[in-house]
Amino acid sequence: DQQVKQNSPSLSVQEGRISILNCDYTNSMFDYFLWYKKYPAEGPTFLISISSIKDKNEDGRFTVFLNKSAKHLSLHIVPSQPGDSAVYFCAASADDKIIFGKGTRLHILP
Amino acid sequence: KAGVTQTPRYLIKTRGQQVTLSCSPISGHRSVSWYQQTPGQGLQFLFEYFSETQRNKGNFPGRFSGRQFSNSRSEMNVSTLELGDSALYLCASSPGQANEKLFFGSGTQLSVL
């Protein structure tokens, strides 16, 4: 039972364009959502988060949108840069538990 | 502040052996969680410790166990290793609640031959 789904295993985007990574969840009890970025041979690092009481949170080039009725969130990166090439994990939490998606590998093309 | 430290960085074992991985959280962090990462499976939650007590557990067999010491350092143990246990094992710490922002170590890459 996959509660947090990232349906695109990989995504390629031209440098300078917008990258949109998507995430769906099934549990309506999730009240906090996070995105992590992971480079090879390193642990994931926190990128941005959003509480369920908001529908948008912005931090520099990164914006996360939350659509509670659709149980969907997305991460927008604009403009995309070469250093953004990494695996991005979506995570959702409720109570004391965090559930991660399987990740989306983002390739930024020159 | 030093980050989350995991040792060893790489480990090669054979089937049937057991292994112990170590994690030192960020100073002041009391929650330590363990995750398994395999290609195509993302980050799968193993267990979480807080103040030396296991607070949450994922859906892994009993061969996977862990503990936390009074200084918040944590160890995880895998007994009777199987080929499918080959993975990157990640430790993460947070100040209190396990659903807060997690700080991850670089992981221990375990290969079971």
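Residues numbered from 1 in each chain as written. Chains lettered and ligands numbered in written order. Predicted model: local features only at pLDDT ≥ 70, side-chain atom pairs only at ≥ 80, totals over all residues. Heavy atoms only, no water.

A. How the structure looks around the overall build of chain B. Helix and strand counts for chain B come out as zero helices and eleven strands. Counted from the first residue to the last, chain B has its helices and strands arranged as β-β-β-β-β-β-β-β-β-β-β. In terms of overall size, chain B behaves like a compact globule, its C-alpha atoms giving a radius of gyration of 13 Å where 113 residues would be expected to give roughly 13 Å. Viewed in the frame of its principal axes, chain B has a C-alpha envelope of about 35 × 30 × 25 Å. (Helix = DSSP H or I, 4+ residues; strand = E, 2+ residues; numbered from the N terminus. Rg over C-alpha atoms; globule rule 2.2 N^0.38 Å.)

B. Quick peek at the sheet that holds strand S8 (residues 74-78) of chain B. All names here are of chain B. Strand order in this open sheet of four strands is S1-S3-S8-S7, and the pairing throughout is antiparallel. Among the strands making up the open sheet, the edge pair consists of strand S1 (5-7) and strand S7 (64-68). Averaged over neighbouring strand pairs, the angle between their axes works out to 20 degrees when direction is ignored. Bridging between S7 and S8 involves five bridges; their strand directions are antiparallel. Its bridge partner being in S8, Arg67 is matched across the sheet by Glu75. (Pairing = 2+ DSSP bridges. Axes fitted to C-alpha atoms, helices over the stretch in contact; angles between N-to-C directions.)

C. Fine view of the environment of B:Tyr49. All names here are of chain B. In this structure, Tyr49 sits in strand S5 (residues 42-50). Classification of Tyr49 by relative accessible area gives buried; the value is 5%. Distance in space between the C-alpha atoms of Tyr49 and Trp34 is 8.8 Å, their sequence separation being 15 residues. Look past the residues within four positions of Tyr49 in its chain and what remains in contact with it is Arg30, Ser31, Val32, Gln54, Arg55, Gly66, Arg67, Gln68 and Ser74. Of the polar contacts made by the side chain of Tyr49, one reaches the backbone oxygen of Gly66; its length is 2.6 Å. (Buried < 20%, exposed > 50% of the residue type's maximum accessible area, 1.4 Å probe, protein only. Contact = heavy atoms within 4.5 Å. Polar contact = N/O pair within 3.5 Å; in protein donor to acceptor, adjacent residues only side chain to side chain.)

D. A look at the interface of chain A and chain B. Tallying the contact residues gives 18 residues for chain A and 20 residues for chain B. Taken together, both faces of the contact between chain A and chain B bury some 1600 Å²; the carbon and sulfur share is 56%. For the side of chain A that touches chain B, the elements supplying multiple residues, two or more each, are strand S4 (32-38), strand S9 (86-94) and strand S10 (97-100) of chain A. It is S4(A) that contributes the most residues to the side of chain A that touches chain B, four residues altogether. Across the side of chain A that touches chain B, the residue classes break down as nine nonpolar, three polar and six charged. (Buried area = accessible area lost by both parts, 1.4 Å probe. Nonpolar A, V, L, I, M, F, W, Y, C, P; charged D, E, K, R; others polar.)

E. Up close: the sheet that holds strand S3 (residues 19-25) of chain A. Residue and element names in this part refer to chain A. One open sheet holds the five strands; their spatial order is S1-S3-S8-S7-S6, and the pairing between them is antiparallel. In this open sheet, the two strands that pair with only one neighbour each are strand S1 (4-5) and strand S6 (56-59). Sheet analysis places S1 next to S3, joined by two bridges and oriented antiparallel. When the bridges of S3 are listed, Lys5 appears paired with Asp24.

F. Structural detail: the packing of aromatic side chains. For the structure shown, the criterion picks out twelve aromatic pairs over all chains. Relative to B:Phe104, the ring of A:Tyr36 has its centre 5.6 Å away and its plane inclined at 85 degrees; by these criteria the two rings are edge-to-face. Taken together, the residues span two chains, with A:Tyr36 in strand S4 and B:Phe104 in strand S10 (residues 103-104). For A:Tyr36, a relative accessible area of 0% translates into the label buried. Between B:Tyr35 and B:Phe104 the ring centres are 5.8 Å apart and the planes differ by 50 degrees, which places this aromatic pair in the tilted class. With B:Tyr35 in strand S4 (residues 31-38) and B:Phe104 in strand S10, this pair connects stretches of sequence that are 69 residues apart. B:Phe104 gets classed as buried once you look at its relative accessible area, which sits at 12%. (Phe/Tyr/Trp six-rings, centres within 6.5 Å; stacked < 30°, edge-to-face > 60°.)

G. Seen up close, the nonpolar core. With 24 residues, the main nonpolar core has A:Phe33, A:Trp35, A:Leu73, A:Leu75 and A:Tyr88 as its most contacted residues. Taken together, the elements giving at least two residues each to this core come down to S3, S4, strand S5 (45-51), strand S7 (62-67), strand S8 (72-77), S9 and strand S11 (104-109) of chain A. In this structure, B:Val32, B:Leu46, B:Phe64 and B:Leu81 belong to the second largest nonpolar core, which totals 21 residues. (Core = buried A, V, L, I, M, F, W, Y, C linked by side-chain atoms within 4.5 Å.)

H. Structural context of the layout of surface pockets. The computed volume of the second largest pocket comes to approximately 500 Å³. Taken together, 24 residues form the lining of the second largest pocket, with A:Val87, A:Arg105, B:Gln37, B:Thr38 and B:Pro39 sitting closest to its centre. Counting only elements with at least two residues in the lining of the second largest pocket, the list comes to S9 and S11 of chain A together with S4 and strand S9 (87-94) of chain B. Broken down by element, the lining of the second largest pocket gets its largest block of residues, three residues, from S9(A). Residues that form the lining of the second largest pocket fall into these classes: eleven nonpolar, nine polar and four charged. (1 Å grid on protein atoms, 1.4 Å probe; cavity = no way out; pocket = protein on both sides within 12 Å on 5 of 7 lines; lining within 4 Å. Points joined across faces, edges and corners; volume = space filled by probe spheres on them.)

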